[in-house]
Amino acid sequence: MISVEIGSDEPHEYASGISAGDVILNVHGKRSGAVAALVDGVERDFSYELDADCSVEPILGESAAGLYILRHSCAHLLAQAVTELFPDAKPTIGPPIDHGFYYDFYMDPIGDEELRMIEKKMKEHIRANHKIIREEFDNAGLREVIADNKFKLEIMEEKIGDEVGSSAYRQGDFIDMCRGPHAPSTSHLRFFKLTSTSQAYWRADSKREPLTRIYGMCYATKEGLKARQKQIQEAGKRDHKKIGKEMELYMIDELIGKGLPVWLPNGEVLKSEIERYAVETEAAYGYDRVTTPVLAKQQLFECSGHLPHYADSMYPPMEMDDGTYYLKAMNCPMHHLIFANKKRSYRELPIRIAEYGTVYRNELSGTLTGLLRVRMLSMNDAHIYCTLDQVAAEFADNIRMVQDYYATFGFSDYSFRLSLWDPENPEKYIDQPENWESTENHLRAILDDLGVDYVEAVGEAAFYGPKVDIQFHTLLGREESMSTIQLDFAAKERFELSYMDETGAENGEVFVIHRAPLSTHERFVAFLTEHWAGNFPTWLSPIQVQVITISEKHKAYAAEVGDALKAAGVRVKVDDSDATIGKKIRMHRKMRPAYMLILGEEETANSTVSVRARNGDQSNGVPIDDFVAGIFAEITNRSPELSLVPPQS
RNA sequence: GCCACUGUGGCUUAGGGGUAUAGCGUCGCCUUGGUAAGGCGAAGGUCGGGGGUUCAAUUCCCCCCAGUGGCUCCA
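In short, a report on the structure. (Residues numbered from 1 in each chain as written. Chains lettered and ligands numbered in written order. Predicted model: local features only at pLDDT ≥ 70, side-chain atom pairs only at ≥ 80, totals over all residues.)

Structural notes on the nonpolar core
One recurring pattern in soluble globular proteins is that nonpolar side chains are buried together. What counts, and what does not: Only buried Ala, Val, Leu, Ile, Met, Phe, Trp, Tyr and Cys residues enter a nonpolar core, and they are joined through C-beta atoms within 7 Å. Between the buried cut of 20 or more and the exposed cut of 12 or fewer other C-beta atoms within 10 Å of a residue's own C-beta lies the partly exposed class, and all C-beta atoms are placed from the backbone. Here a helix means four or more residues in a row that DSSP labels H or I, a strand means two or more in a row labelled E, and each is numbered from the N terminus. These domain boundaries are the output of an automatic or database domain assignment. Placing C-beta atoms from the backbone, we regard two residues as in contact once those atoms come within 7 Å.
Judged by nonpolar contacts, the single largest core of 91 residues is most densely connected at Phe511, Val545, Val547, Val561, Tyr595, Leu597 and Leu599. Broken down by element, this core gets its largest block of residues, six residues, from helix α12 (residues 388-409). Counting only domains with at least three residues in this core, you end up with domain 3 (282-524) and domain 4 (545-636). Beyond its immediate chain neighbours, meaning those up to four positions away, Val547 contacts Ala558, Val561, Gly562, Val572, Lys573, Val574, Asp575, Leu597 and Leu599. By size, the runner-up hydrophobic cluster in this structure holds 50 residues, among which are Ile24, Tyr48, Leu70 and Tyr102.

As structure tokens, this is what we get:
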């Protein structure tokens, strides 16, 4: 007999050899929703045999661990269906991911029709309710099981001698090498849907075999699956591409080229308001503004190191009568030259050079999307030249700046990432291992001192140094870098940067910080649009006030109100057409003005306005002077909320 | 760049081998209207581009271009 602790109850006595699943069924009953067991803190299948005293907990399908297992099992189910329908297909890897799973197959690409066929086949296997059975193999035995799949063999060879490589799971006629654990049977996988296919490469290496990746989502309950589908649908409504078109923020014309957005008047308002805010902030932090050309000679980018390390991301060269030119993909080399333009004293440091420059990057055409990934980037860029001792204070200022910016824009869901080089891939970076190590440690210490939560990411550094990135999630859950603060230990040598130090000696220890706290205008506006669903704070709204007349009789008063607002610097439009008021409201909602002012008999007679806030809340009989003063304050304070109309309910 | 899907007036869209729907918007007339659809009428499309098959192509095939979702990459 063994003693099994389960939950807070008294330990239960069982015959040795009982399965973990039987214990859970015994205690929690059939409908517990458990998909696996936690035995002494280790995830196990239901079939796992208990042969000593231990503790057992159920892993519920709806828990994070349970969903992970269900999604993993669902990936196996997918592979079962695919190999049955396409006998030549070779499964490679199939992990669970957020909301679902994918599986990569070595097979011909498939389309929607095949996807539906596979889904149907999976449902058949769910109805058949195959047991998912764990089998143990030694390495030779396992090699036999996967003999006709070189991908699986490759994975296994890496794990020889490793115990985790020696199990496989069988369901019906299908068997797949896997560590597990898995759900006990296929009927647990009812709430799934195949969503899309894509091409991936074996080992994420484009020189190796192309694979067909099939994505699916999977949940423990119907409600979970439905909620996710609804979430995707809701996300679609906030999509900056959709809202950007509706609000006429930007356009992309194929005659100009993809990835090259044109800022329309309404988008330009957003862009210039953001820029004005940044100019104010940076002035307070001691930045000097400059403007540099959009192209420069090849030699400059060779000097900076961009050409060997960054050539793929730059537009191809232009041959001129006096040499070869490149469009700039970054501003830093030119800023370095500004620093080096005259002798610098330690008294001047830190020197902070800022520019709203436009840089051009040759992103792969297939990656371009809306404003999120473009080839023309309007950068809120700056470079700080300082001593090593000053680096910490400059980083701290920039992190604070980012936090202040985000608070004003209403962002709260972001995270810090310390991006490190990858010693296994040194050719991507400047080859100075000892500098990498010391600067990375320096940044780590700075972040720790600031008490900022962060994750570390190997292989995400710039080629010239480690960086702190601030990460966001897009509507569909993809992580993107927003802001970046980078430490550069290489520029000083490449550009012979130096200053006169306190001793009167020429000192070459100049550290450069590259920073873009507001990302690029393109990406920032995309996030801003999705975050607010186009309902921007008043100070950002392209149209802050829409004036609407009730009839032609109020035209003159409407013009007067419009003029008063314009005089206060408010972006206002007047609609005195002869459409009905309901129709005008409906039409103008599309442009999402912060406020609509309705003007009729009453207002004209009393010099008041009826204020309709964007959310429909209403305040009537407001004296025009009060409204102008109120909105002026709301705009100049960059208030994140519309505050001029008290909530109705 | 690679894979899949998509591409019909300014926008949203129906249709599908015999040159094409509807709504919104636009314009005109009527209406002078108090908070998400007042009425009538009109204009507007070589169905993304090019080639092919066919008596006939917007529809089928091929090649481009662009968009969407992924891969890769990245602000």
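Considerations on the protein's contact with RNA strand B
Going by this rule: In this analysis a residue is considered near a molecule or strand if the C-beta atom, reconstructed from its backbone, is found within 6 Å of that molecule or strand. Residue polarity is assigned by list, with Asp, Glu, Lys and Arg as charged and Ala, Val, Leu, Ile, Met, Phe, Trp, Tyr, Cys and Pro as nonpolar; anything else, Gly included, falls into the polar class.
Close to RNA strand B lie 61 residues, the nearest being Ser198, Gly366, Ser481, Ser551 and Gly600. Listing elements by their share of the surface near RNA strand B, those giving two or more residues are β14 (191-201), β15 (210-219), β27 (479-488), α15 (521-532), α17 (581-589), α18 (601-606), β34 (608-613) and β35 (618-623). Per-element tally for the surface near RNA strand B: the top contributor is α17, with seven residues. Looking at the surface near RNA strand B, its residues break down into 17 nonpolar, 22 polar and 22 charged.

Topic: the sheet that holds strand β26 (residues 467-473)
How we decide: Between any two strands, at least two bridges found by DSSP are needed for them to pair. Helix axes are fitted only over the stretch in contact, all axes being lines through C-alpha atoms; the angle between N-to-C directions runs from 0 to 180 degrees.
If you walk across this open sheet you meet the eight strands as β18-β22-β23-β30-β27-β26-β24-β25, and the pairing is mixed. What marks the edges here is a single partner per strand, and that holds for β18 (288-289) and β25 (454-458). Relative to strand β23 (residues 376-386), α15 is tilted by about 115°, and along the sheet it contacts β23, β26 and β27.

Some thoughts on the packing of helix α8 (residues 265-284) against α15
This is how it is decided: Comment on the angle field: the value is read as roughly parallel under 35 degrees, roughly antiparallel over 145, roughly perpendicular from 65 to 115, and oblique elsewhere.
α15 packs onto α8 with a crossing angle of 110° between their chain directions and a minimal axis gap of 11 Å. Judged on the interaxial angle alone, α15 and α8 are roughly perpendicular. Contacts between α8 and α15 involve Gly267, Leu270, Lys271 and Ile274 from the first element and His521, Phe524, Val525 and Leu528 from the second. Its residues assigned to classes, the contact of α8 with α15 comprises five nonpolar, two polar and one charged.

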